[in-house]
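Inside the fold
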Amino acid sequence: MNIRNYLILFGIVGFALQGVSCQTKRGLAKNKLNLDSAFVNENLEDAKKQISYLAASVKEADIPTTFQNGKYVNWGSSWWCSGFYPGTVLYLYEYSNDTKLLDEAKRKLKYLEKEKNNKGTHDLGFMLYCSFGNALRLTNDSSAYKNVLSTGAASLATRYKDATKTIRSWDGGKNWDGQSWTYPVIIDNMMNLEFLIEVSKMTGNSSYADIAIKHADATMINHYRKDYSSYHVVDYNSKDGSIISKKTAQGAFDESAWSRGQAWGLYGYTMMFRETKDQKYLRQARNIANFYLNHPNLPQDLIPYWDMDQNKLSASSKYYKQKDLRDVSTAAVMASALLELAQYTDGAESQLYIVKAEQMLRSLSSKPYKAEYKEAGGYILKHSVGSIPHETEVDVPLTYADYYYVEALVRYKRLLDGQSVIKM
């Protein structure tokens, strides 16, 4: 079966097909937008200034991760966050058409390219699609970027096992009970499926789309509780696909709803509906969104605590003193995802997603979350949480918070300009 027939069979729309764009246009006509161009442009200009300052403050070979205790932290190209900084720079280039930003992104891509051969991580979507994918979209230079993306997708596909119908997340390590992981899969992995689907369309290799669909389906069944909150980690038996345990790694406790995990799921299933037109993915995204937005522990400014069930921690918990820390990165991912989800829903529900995304953007764009010029080392947003249980990147600026914040602003600007939220 050729790739075009395969994608049509599964409902996956290519660049030339009209399903998403038509639905998006209907969404544009029906939704009232409450933020104006002045708000969006002002915050994108501020982001551009900040990122330009950050670019001038780090070494050429550094790929920024965070800024902590007055120092820049760079975990290197193999760290899962390495694609976000060049991706942010590229979004700001898209907004401003400032070629200095394109040059800066290309400088970082030079150090990131080798990760196309990295078969030891499931995060190649974050690392390569957010960076090289945006570069290809904006420059149309397939000679420079297509091979990187196709090789990276092939590397990622080696981590898939049909017994579990999932892509393995980690190699090695132990859970908090001291037991070794067998075949752990984390909810974050939903964010790497777009990479596989896009490369499937690009190359004609249908196996990548097939992996993405199978992984999304297995995750929907095994990661989600009845209230549509998500476990962080599901550990599988790699031989027969049975489930060994359901745990957390970055949440407050195993049965809690780790906040960023809920955002990864919403973003991932919204994307899966866009690419497949399968209604089950839209239902899943709507249910995740409604769980999140109706959660009694969601603060009024819609910037969540790092765990949605952090209020259940006892005073004896080692996380208790940090229980009320917010995670800005979750809100940034949620805002971007809700803007897209609004385009695939109708009436009051669709308008609600727009309004909530707008509220998140207002909060993120003001104190105490938005950094002043040259503050926080040049990162755009403050007060994100990487992992409290691991005691890493706690209450600091994070590169992926900046990426999804800028993405959300760019998506909103497209709406204001009468365009599709998603630009291929």
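Residues numbered from 1 in each chain as written. Predicted model: local features only at pLDDT ≥ 70, side-chain atom pairs only at ≥ 80, totals over all residues. Heavy atoms only, no water.

The name an unreviewed UniProt entry gives the chain is Glycoside hydrolase family 88 protein, with Sphingobacterium kitahiroshimense as the organism. Taken verbatim from the UniProt record of the chain, the Sequence similarities (unreviewed entry) comment is "Belongs to the glycosyl hydrolase 88 family." (UniProt positions renumbered as here; feature names shortened; annotations may be inferred.)

Take the confidence of the model for the chain next. Keep in mind that low pLDDT regions are not for reading the predicted coordinates in detail. Confidence in the prediction of the chain, expressed as mean pLDDT, is 93, and 93% of residues score 70 or more. Note on residues 1–27: pLDDT is under 50 here. Beyond four places in sequence and across chains, it has 48 contacts. (pLDDT = per-residue confidence, 0-100. Contact = heavy atoms within 4.5 Å.)

For the peptide bond that leads from Lys 367 to Pro 368, omega is 5 degrees, which places it in the cis range. Mapped onto the secondary structure, Pro 368 falls in the loop between helix H13 (347–364) and strand E8 (384–387). Backbone geometry at Tyr 228 places phi at a positive 70 degrees, although glycine is not the residue there. Looking at where Tyr 228 falls in the secondary structure, it is placed in the loop between helix H9 (206–222) and strand E6 (233–236). Under the relative-accessibility criterion, Tyr 228 is labelled partly exposed at 29%. The phi dihedral of Glu 393 falls on the positive side, at around 55 degrees, and the residue is not glycine. Looking at the secondary structure, you find Glu 393 in strand E9 (residues 392–396). We classify Glu 393 as buried; its relative accessible area is 9%. (Helix = DSSP H or I, 4+ residues; strand = E, 2+ residues; numbered from the N terminus. Buried < 20%, exposed > 50% of the residue type's maximum accessible area, 1.4 Å probe, protein only.)

Here the focus is the side chain of Arg 225. Residue placement: Arg 225 occurs in the loop between H9 and E6. At 3.1 Å, the side chain of Arg 225 and the backbone oxygen of Asp 254 are in polar contact. A distance of 3.1 Å separates the side chain of Arg 225 from the backbone oxygen of Ser 256, its partner in a polar contact. Residue contacts for Arg 225: discarding those within four places in its chain leaves Ser 230, Tyr 231, Asp 254, Glu 255, Ser 256 and Ala 257. (Polar contact = N/O pair within 3.5 Å; in protein donor to acceptor, adjacent residues only side chain to side chain.)

Considering the arrangement of structural elements, one finds Asn 189 in the loop between strand E5 (184–186) and helix H8 (193–203). Not counting the four nearest positions on each side in its chain, Asn 189 is found in contact with His 122, Ile 167, Arg 168, Ser 169 and His 215.

Now for the state of the cysteines. Counting across every chain of the model gives 0 disulfides. Of all cysteine sulfurs in the structure, the one in Cys 130 sits closest to Cys 81, which takes part in no disulfide; the separation is 10 Å. Overall, Cys 81 belongs to the buried group, its relative accessible area being 1%. (Disulfide = S-S within 2.5 Å.)

This next bit is on the pairing of E6. Side-chain alternation along E6 places Val 233 and Asp 235 on one buried face and Val 234 and Tyr 236 on a second face that is also buried. With 3 bridges joining them, E5 and E6 adopt antiparallel strand pairing. By the bridge assignment, Pro 184 is partnered in E6 with Asp 235. Note that E6 and strand E7 (residues 243–247) share 4 bridges and pair antiparallel. Across the sheet, Val 234 pairs through a bridge with Lys 246, a residue of E7. Adjacent in sequence and paired antiparallel, E6 and E7 are bridged by 6 residues, among which Gly 241 carries a positive phi angle near 80 degrees. (Pairing = 2+ DSSP bridges.)

As a further point, take the environment of Gly 76. As for its placement among the helices and strands, Gly 76 is situated in the loop between strand E2 (71–73) and helix H4 (84–96). In the structure, Gly 76 is positioned 42 residues away from Asn 118 in sequence and 13 Å away in space, judged by C-alpha atoms.

What follows covers the packing of aromatic side chains. Tallying each qualifying case throughout the model produces 25 aromatic pairs. Ring centres of Trp 80 and Phe 84 lie 5.8 Å apart, and the angle between their planes is 90 degrees; on these two criteria the pair is classed as edge-to-face. Overall, the relative accessible area of 16% leaves Trp 80 in the buried class. In textbook terms, an aromatic cluster arises when at least three aromatic residues are bridged by ring pairs, as seen for Trp 80, Phe 84, Tyr 91, Phe 126, Trp 264, Tyr 267, Tyr 400, Tyr 403 and Tyr 404. (Phe/Tyr/Trp six-rings, centres within 6.5 Å; stacked < 30°, edge-to-face > 60°.)

As a general point, the strands of a sheet are linked pairwise by backbone hydrogen bonds and lie either parallel or antiparallel. Here we have 3 strands laid out as an open sheet, ordered E5-E6-E7, and antiparallel in their pairing. Bordering the open sheet on either side are E5 and E7, each of which pairs with just one other strand. Neighbouring strand axes in the sheet, compared pairwise and without regard to direction, differ in orientation by 20 degrees on average. Where H9 meets the sheet, its contacts fall on E5, E6 and E7, and the angle it forms with E6 comes to roughly 105 degrees. (Axes fitted to C-alpha atoms, helices over the stretch in contact; angles between N-to-C directions.)

A separate point is the environment of Leu 90. By the element assignment, Leu 90 lies in helix H4. The spatial distance from the C-alpha of Leu 90 to the C-alpha of Asn 297 is 35 Å, given a sequence separation of 207 residues. Residues in contact with Leu 90, not counting those within four places in the same chain, are Leu 102, Ala 105, Ser 131, Asn 134, Ala 135 and Leu 138.

Geometry of a packed helix pair, given as the angle between the helix axes and the separation of the axes. Relative orientation of the contacting elements H13 and helix H14 (residues 399–416) amounts to 130 degrees, with a least axis distance of 11 Å. Viewed along their axes, H13 and H14 adopt a mutual orientation that is oblique. H14 is crossed by H13, and the crossing has left-handed handedness. Each of Ile 354, Glu 358, Leu 361 and Leu 364 in H13 lies in contact with H14, whose residues at this interface are Tyr 405, Ala 408, Leu 409, Tyr 412 and Leu 415. Looking at side-chain class alone, the contact of H13 with H14 contains 8 nonpolar, no polar and 1 charged residues. (Parallel < 35°, antiparallel > 145°, perpendicular 65-115°, else oblique. Left-handed = near helix turned anticlockwise from the far one by under 90°. Nonpolar A, V, L, I, M, F, W, Y, C, P; charged D, E, K, R; others polar.)

Note on strand geometry: in a regular strand, side chains alternate between the two faces of the sheet. Summarising the sheet, E8 and E9 pair through 3 bridges and their orientation is antiparallel. When the bridges of E9 are listed, Val 385 appears paired with Val 394. Where E8 hands over to E9, the hairpin turn is made up of 4 residues, of which Glu 391 adopts a positive phi near 55 degrees.

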